[in-house]
Amino acid sequence: MKKNNFKRIIGKIHLLLGLSSGLIVFIIAITGCFYAFQEEIQNITEEYRFVSKEEKPFLPPSQLEAIARKELPGKVLHAIQYHGAEESVEAIFYQHDPFYHFVSYLNPYSGEVLATVNMEEGFFRFILDGHFYLWLPHKIGQTVVATATLLFVIMLISGLILWYPRNKNARKQRFSFKWKKSTKWKRKNYDLHAVTGFYVFLLALVFAITGLVWGFNWFAYSYYKVLGGEKSLVYQDPILNKSKLTVEKPIDKVWVIMKTKYPQAKSIEIHPPETDTTAIATNANPDQGTYWKTNYHYYDPYTLEEIEVDHIYGKLANAGIPDTLMRMNYDIHTGAIIGFPGKVVAFLISLFIASLPLTGFYIWWGRKKKKEPTTVLEES
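Here is a short report on the structure shown in this document.

The rules behind the values
Residues numbered from 1 in each chain as written. Predicted model: local features only at pLDDT ≥ 70, side-chain atom pairs only at ≥ 80, totals over all residues. Heavy atoms only, no water. Helix = DSSP H or I, 4+ residues; strand = E, 2+ residues; numbered from the N terminus. Expected span 1.5 Å × (residues − 1). Bend = angle between axes of the 7 residues up to and from the residue. Phe/Tyr/Trp six-rings, centres within 6.5 Å; stacked < 30°, edge-to-face > 60°. Buried < 20%, exposed > 50% of the residue type's maximum accessible area, 1.4 Å probe, protein only. Lys NZ or Arg CZ within 6 Å of the ring centre and 35° of its normal. Salt bridge = Lys/Arg side-chain N within 4 Å of Asp/Glu carboxyl O.

Topic: helix 6 (residues 185-215)
Then step 1. For helix 6, which comprises 31 residues, the first-to-last C-alpha distance of 37 Å sits more than 12% below the rise-based estimate of 45 Å (1.5 Å per residue).
Then step 2. The sharpest bend along helix 6 measures roughly 60° and falls at phenylalanine 201.

In structure tokens:
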């Protein structure tokens, strides 16, 4: 196949995929921009997340559990999460069917209920629903978003092929914006699309792949296996046989165990057993703002014996490289893996990605109006 014909085919693929998924890619990217600094914004605007430090110990989880259950009777208490000395405790109520997600914020010293928030409401929940589900029913929206993300990966690869110029004299132009006052807007728009696309290629590919891990189960499984993973990707609390032995207030004792194991932890989360055959799941995160270093433990509520699991959500020391990469997925996707600068990068890359469907559409529309070929990017 001649190089010209090959590029023409690639160009047609790039065009058709862009026209069919460009709007969805724009929405995914622009909502990603809005969500990039949600944690920092919420910490400023939601005062109930913080408390005044007191010179006395936190209340144990059993006491906070009793207070929280009175706040939302009949709801499933998923977990109690402790943070720092100046932060409120989160009592997390969560259930899949029927779905709900509430958080009660409690003063860890007194147990006072500072606020109870429906996590399915508010500005950032609206933004996240657009990013994950396109504001459609979750099962439909997740498939639509994941499919558009997969098409975007193909567009990135095809765009890189089209970006590489055939003419040696034009190669310098593909690396920078060299505009003169006389440069027409059509040329500027083309450069915005081609040059920007080249520079965001690698990070855009990373964001797309980490997004696909959530979007398609088959992709997550295949990605993990290609990395060499051998464990299960499905989180599951160990199931126990009910015992005649009893331990008084086992979640309090597990909490003490975790504080002893991880005295420098930024957060410790305790999951009260939902049934009499469910283990006490608990985790400790040594880092503020990321999740991949979290150590997960599981205890028998009747004996306090620790139970090992065969999925990736165990102790970090037991995680291989494939397990660690999967655990890093969220932090990589949001840029938090390298702290606040990473979030700035994620914001900017998302903004540049959002511009690509717009500049690409303008290229197509301008050529359509002039009845020029629309399947190959210009070579000069």
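A look at the packing of aromatic side chains
Two aromatic rings, taken as a pair, are described by how far apart their centres are and by the angle between their planes.
Then step 1. With the rule as written, the count across this model stands at 28 aromatic pairs.
Then step 2. Consider the rings of phenylalanine 132 and tryptophan 214, whose centres lie 5.8 Å apart with planes at 70°: the pair is edge-to-face. Taken together, the residues phenylalanine 132 in helix 4 (residues 123-133) and tryptophan 214 in helix 6 connect sequence positions 82 residues apart.
Then step 3. Classification of tryptophan 214 by relative accessible area gives partly exposed; the value is 31%.
Then step 4. An angle of 50° between the planes, with centres 5.4 Å apart, marks the rings of phenylalanine 361 and tryptophan 364 as tilted. Highlighted residues: phenylalanine 361 and tryptophan 364, both in helix 11 (residues 340-369), separated by 3 residues, approximately one helical turn.
Then step 5. Of the aromatic side chains, those joined through ring pairs into one cluster are Phe132, Tyr133, Trp214, Tyr291 and Tyr330.
Then step 6. The ring of tryptophan 255 has lysine 259 sitting right over it, with the charged end atom 3.8 Å from the ring centre.

Some points on the pattern of salt bridges
Then step 1. Evaluation of the coordinates by the stated rule reveals 11 salt bridges.
Then step 2. A salt bridge links arginine 125 to glutamate 120; its shortest N-O distance comes to 3.4 Å.
Then step 3. The class for arginine 125 is buried, based on a relative accessible area of 15%.
Then step 4. Take glutamate 120: its relative accessible area is 24%, and that puts it in the partly exposed class.
Then step 5. Between lysine 315 and glutamate 308 there is a salt bridge, and its shortest N-O distance comes to 2.9 Å.
Then step 6. For glutamate 308, a relative accessible area of 53% gives the class exposed.
Then step 7. Each of the salt bridges in this network shares a partner with another, and the network as a whole consists of Glu39, Glu40 and Lys343.

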